[in-house]
Each structure stands twice: as structure tokens, then as C-alpha cells.
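Below are the chains, spelled out letter by letter.
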Amino acid sequence: MKKSANSATRPHAIQLLIFFFVFINYLCSRTEAAAATSTQELLLGFKATPNPSVSSFQSLLNDTTDTFSLVFLRVNSNQLALAVIHLPSSKPLWLANSTQLAPWSDRIELSFNGSLVISGPHSRVFWSTTRAEGQRVVILNTSNLQIQKLDDPLSVVWQSFDFPTDTLVENQNFTSTMSLVSSNGLYSMRLGSNFIGLYAKFNDKSEQIYWRHKALEAKADIVEGKGPIYVRVNSDGFLGMYQVGNNVPVDVEAFNNFQRNSSGLLTLRLEQDGNLKGYYWDGTNWVLNYQAISDACQLPSPCGSYSLCKQSGCSCLDNRTDHSSSGQCFPSTSGDFCSEDKSRFRVLRRKGVELPFKELIRYEMTSYLQQCEDLCQNNCSCWGALYNNASGSGFCYMLDYPIQTLLGAGDESKLGYFKLREGAGKRKLNTGIAAGIGILGGALLILIGAILFGGYKIWTRRRANRILEAEDGVSPGPYKNLGSASFRSIEMCNAPG
């Protein structure tokens, strides 16, 4: 009977044990689910520090669809940016502190006290929103990060859409007070009174416009005095230009998916090469949808400084310099020739060259080439001049920035005059000369060594002959055979050397 009782109670114990593990697993899954649920608002008193174990980004706040997230983003492996990213692709759409990255350290803190602040030790502030009296932070389903005040009605005291970095997203207004800046800081997009302009920062003291799109005003006119223009990436697949107070576009730049009812997110980004490109998300990849500049040679500097761009590829203005070996012709430089320590230069001339965006470069009319060159030579802010007299009129284009990439032209009447700062390129040339001298010196050393070695061999052979001849005269009896020719041959073969 005892055995029967034990056998009856054992299944109940097993069932209770199984139930216990199932219950524990349920609690754990509920806990994990709760932990995985994204935060959709940050309230007063919020604080966060970066996790040292995170390799890419650390989410802090999501929109209601979990498409966009405010994150700590790792940059260059050991730096931190506060960013809004597109979660399906992990693509950054906005960076708070792009010009002043913080270190990735648990001593860095993001806090919300009415304003968002990134701070470090000793009260150092890396970035903060403008002084605000917000009560919560949210991300809208458009990717717009907002600080809101819970009034009735609700009010927005700050939003990321007012401070774009290098990217515009669908239905985000870009106004005449804003600028897009490429992630390398070299290029920017701004609005004029009736145009979109792309600018290059070739020099610390000035910028050069290299692309301009003027409003066609086909559907509506820009009325002077009625307000500035703004642009917006429209959901129907175009970049629209509008005047404040009028919803009819004064210009339409069509994307590839224009009026095709694409459901993917549209973006417009100023790239590191200076091109303005549009993309749409197809659910898996970002697909190129638009580019302002289709010809690579028309970009601001596709081949680097003092270079030449043709359909066949890049080369250097100075034929003595090889572009293919290093990817550049001369090191990049800046400034001008106005200060005494930078006034020295040498001149580089080249036939068959022209500017990629000459319609945007200032020019003067001159009667002949020397007059054009003199205008640049006597101007300490001028880096070069291009002269074109093909049409009978002498156009002299003046470059007030360090020479970048020029276009190769079949017409050799298009002439270039370029200043090259004293010392630029010498290191490259001197390196080649030094290498040549080194090779020549090595060859000479080998030759001298061979001559000395040969001389030593001849000396040892003659010395051996003299010794053997002496032995022929003094060796008695059978030892005389030691002076035989056959022995001398063996002796010489074993002589040192």
C-alpha cells in the first residue's frame, strides 16, 4: 500500500513543478515585454547616460509607430551624438550636436529640465536646446522631436524640424532662415529670394555657389513683398518651392517616383561630395530617387585640388604629378596670399581647361591673356584665372578660393593661370627625387663592392702564385712536387675570398 501511495502522489508533484516553471516563465516574459516596450515620452527630471556595452545606438525615446527613435549614437567608435534615427534602417535623420560630439562615457548625461541638455564633468555643456519651459519630450510620427508644454491647447516650445542638419524628411518645411550642412561641413544648402543654392566652403573667408535652381513660377508667381520662399519634400514625390501664404508651388523639382503613390518615406540629403540627393524607403533599402547634379565632373571637387576631370577619369593640372598613385595632386590649402608669410607662390599654366560652374563665377572682360593673368597676379585674394577668347570676347574668370577640380576641354584656346603656394607639391616631388637618388646610390655601392671584391680576388691569386714560386726554389726532394701546376690550381680554389 505504501508503494501505491508514493506512485499516486508523484504525478501531482510533477504537475505542480511544471506549473511553477510555466508561471515563472510567464512572469519573465511579461517583464521582458514590459522592458521591450518603448518609451514614448520623457518627463521633467529625466536623466540618461550611455551604456558602455552598446556598439551602435542606445534608444531613449520612440514615436508611437516605433519607426523613429531618439538615441545615443556612437560616432567614430568612441564619440557620442544625440540623434533621431529611422529604426528600420538605423539611418540618422537628425543630429543634435554634430559640431561638438561628446565622448562615449558614463560620465556624459542627457537630462530634461524643461530643456534638453547634454552635459559632462565639471558642468561642461556639449549641447542644449534653447531655454524652454517644456513639460515633456515626444517624437511625432514624422520624426520631428518636440518639447511640449501641456497647456490647453498644447503648445510646442522647441522642435528639431526648425534645426535640420544634413537631411530633410517628407513634409518638413525648409525656410530661408535655415541651412542644410553636409556631414563633413564643406557644403551647405540655403534659399535665396527665388532660388535654391548649394555652396562650397573652399576657403575660410568665403563661399562659392556651385548650383542654383531658380523657381520656374509655372503655377504661381513669387510676389515681391509678400514673404520669403520655403521648400518642402512633398509626399507626391517632388521638392516643392512655395511662397509664405500660398499653398500653390512656385516651382516643382520632380523625383523619380513623382505622382506614383509611393508609400515609403521620402528624404532629401546633402551628401559629402556636395550633391543633393533624394531617397525613398522601399521597406528594405533606401533607393536613389533624385540628384541635383547628374554629371560627376560638375560636382564641386570630385578629383581634389589642382586636378582635371574628364569622362575618362581624374588627372592633375601639373602633368608631372600622378593622380592615380595618391588620389590627389597637391595637398588641400586655404587662406590667401595677402600676409607676408604666405605671399610667395609659383605659377602653373594649362591649356584646354574650363570651370564646371562658370556661369556662377564672377568674371571681367579683358582684351588679351596677359591682362587677365595680371589681374589675378596683382590681387592677393586671387588663386587663379581662366581666360576664354573663343567667341572674340575675352572672358576672364577670377577664382578667389584654392584651386579645385577643373574640366578638361578640347579647345586649347581656353587657358588657365593658377597660383601654387610656395612649397606645395615639393614634398611629393622631393620624395620621388630622393627615391631615385637612393636607387642610384645603392647601384653605385653594389658596383664599388663588386670592383673591390674582384680586386681582392686578383690580389689573393697573385699572392698565392708568388708563394708557390718561392717554394719551387727551396723545397728539396719529393716536396718539389708541391709546386706542380695541379697543386697550384687546387690551392687557388681554396684561397680565402
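Since the structure is predicted, the reported quantities are computational estimates derived from the model, not experimental observations.

Regarding the overall build of the chain
Next, step 1: A tally of regular secondary structure across the chain gives five helices and 34 strands.
Next, step 2: A separation threshold of at least 6 residues defines the contact pool for the chain, and within that pool the share at least 24 residues apart is 51%.
Next, step 3: Only carbon and sulfur atoms are counted for the fraction: they give 53% of the accessible area of the chain, which is about 27900 Å².

So, the packing of aromatic side chains
Next, step 1: Taken as a whole and judged by the stated rule, the model has 18 aromatic pairs.
Next, step 2: For the ring pair tyrosine 210 and phenylalanine 357, a centre distance of 6.3 Å and an interplane angle of 55° mean the geometry is tilted. Highlighted residues: tyrosine 210 in strand β19 (residues 206-214) and phenylalanine 357 in the loop between β29 (353-354) and β30 (363-365), separated in sequence by 147 residues. In this pair, the class of tyrosine 210 matches that of phenylalanine 357, namely buried.
Next, step 3: Within the aromatic cluster, the residues linked to one another by ring pairs are Trp94, Trp127, Trp158 and Phe163.

Looking at unusual backbone geometry
Next, step 1: Cis geometry marks the peptide bond from aspartate 152 to proline 153; its omega dihedral reads 5°.
Next, step 2: Turning to its location among the elements, proline 153 is positioned in the loop between β12 (145-149) and β13 (155-159).

Section: the side chain of glutamine 208
Next, step 1: Its location among the elements puts glutamine 208 in strand β19.
Next, step 2: Residue glutamine 208 is classed as buried on the basis of its relative accessible area, which comes to 10%.
Next, step 3: Side-chain polar atoms of glutamine 208 contact the backbone oxygen of leucine 360, separated by 3.2 Å.
Next, step 4: Residues contacting glutamine 208, with those up to four places away along its chain left out, are Leu198, Tyr199, Ala200, Phe202, Phe357, Leu360, Ile361 and Tyr401.

Focus: the pairing of strand β6 (residues 91-95)
Next, step 1: Here strand β5 (residues 79-86) pairs with β6 via four bridges, running antiparallel. From the neighbouring strand, valine 84 faces β6, where its bridge partner is tryptophan 94.
Next, step 2: Linking two consecutive strands that pair antiparallel, namely β5 and β6, is a turn of four residues; a positive phi of about 60° is found at serine 90 within it.

Examining the environment of cysteine 303
Next, step 1: Note on placement: cysteine 303 falls in the loop between β25 (286-291) and β26 (307-310).
Next, step 2: With 24 residues separating them in the primary sequence, cysteine 303 and glycine 327 have C-alpha atoms 7.6 Å apart.
Next, step 3: Among all residues touching cysteine 303, those that are not within four sequence positions of it are Leu308, Cys309, Cys314, His323, Gly327 and Thr405.

A word on the state of the cysteines
Next, step 1: Using the criterion set out here, one finds six disulfides in the structure.
Next, step 2: Note that cysteine 297 is cross-linked by a disulfide to cysteine 309, the S-S spacing being 2.0 Å. The sign of the S-S torsion, about -70°, decides the handedness of the disulfide formed by cysteine 297 and cysteine 309: left-handed. Note that cysteine 297 is positioned in the loop between β25 and β26 and cysteine 309 in strand β26, a separation of 12 residues in sequence. Each member of the pair cysteine 297 and cysteine 309 is classed as buried.
Next, step 3: Across a sulfur-sulfur distance of 2.0 Å, cysteine 303 and cysteine 314 are joined as a disulfide pair. Given an S-S torsion of about -65°, the disulfide between cysteine 303 and cysteine 314 has left-handed geometry. Of this pair, cysteine 303 sits in the loop between β25 and β26 while cysteine 314 sits in strand β27 (residues 313-316), and the two are 11 residues apart along the sequence.
Next, step 4: Given the relative accessible area of 3%, cysteine 303 is considered buried.

Concerning the nonpolar core
Next, step 1: In this structure, Met189, Tyr210, Tyr306, Leu317 and Phe418 are the most contacted members of the largest nonpolar core, which totals 55 residues.
Next, step 2: The set of elements that each furnish at least two residues to this core consists of β17 (187-191), β18 (195-203), β19, β20 (229-234), β21 (238-243), β23 (266-270), β32 (395-399) and β34 (414-421).
Next, step 3: Considering every element that reaches this core, the biggest residue donor is β18, with six residues.
Next, step 4: If near-sequence neighbours (up to four positions away) are discounted, leucine 317 is found in contact with Tyr306, Ser307, Leu308, Leu348, Arg350, Val353, Ile403, Leu406 and Phe418.

Description of the sheet that holds strand β33 (residues 405-408)
Paired through backbone hydrogen bonds, the strands of a sheet run either parallel or antiparallel to each other.
Next, step 1: Strand order in the open sheet formed by four strands is β27-β26-β33-β29, and the pairing between neighbours is mixed. Where the open sheet ends on each side, the last strands, each with one partner, are β27 and β29.
Next, step 2: Across two bridges, the pairing between β29 and β33 is antiparallel. In the sheet register, glutamate 354 faces β33, and the bridge partner there is leucine 407.

Section: helix α3 (residues 369-377)
Next, step 1: All of the buried residues in α3 are Cys372, Glu373 and Cys376. Buried residues of α3, viewed axially, fall in a sector of 95°; they line one side.
Next, step 2: On the buried face of α3, the contacting elements are β28 (345-351), β31 (384-388), β32 and β34.

Some words on the side chain of asparagine 203
Next, step 1: Counting through the fold element by element, asparagine 203 comes out in strand β18.
Next, step 2: Judged by relative accessible area, which is 4%, asparagine 203 ranks as buried.
Next, step 3: When neighbours within four sequence positions are excluded, asparagine 203 is seen to be in contact with Ser334, Gly335, Trp383, Asp400, Tyr401 and Pro402.

Cut-offs and rules
- Residues numbered from 1 in each chain as written.
- Predicted model: local features only at pLDDT ≥ 70, side-chain atom pairs only at ≥ 80, totals over all residues.
- Heavy atoms only, no water.
- Helix = DSSP H or I, 4+ residues; strand = E, 2+ residues; numbered from the N terminus.
- Contact = heavy atoms within 4.5 Å.
- Areas by Shrake-Rupley, 256 points an atom, 1.4 Å probe, with all protein chains shown as cover.
- Phe/Tyr/Trp six-rings, centres within 6.5 Å; stacked < 30°, edge-to-face > 60°.
- Buried < 20%, exposed > 50% of the residue type's maximum accessible area, 1.4 Å probe, protein only.
- Polar contact = N/O pair within 3.5 Å; in protein donor to acceptor, adjacent residues only side chain to side chain.
- Pairing = 2+ DSSP bridges.
- Disulfide = S-S within 2.5 Å.
- Core = buried A, V, L, I, M, F, W, Y, C linked by side-chain atoms within 4.5 Å.
- Arc of directions from axis to C-beta.

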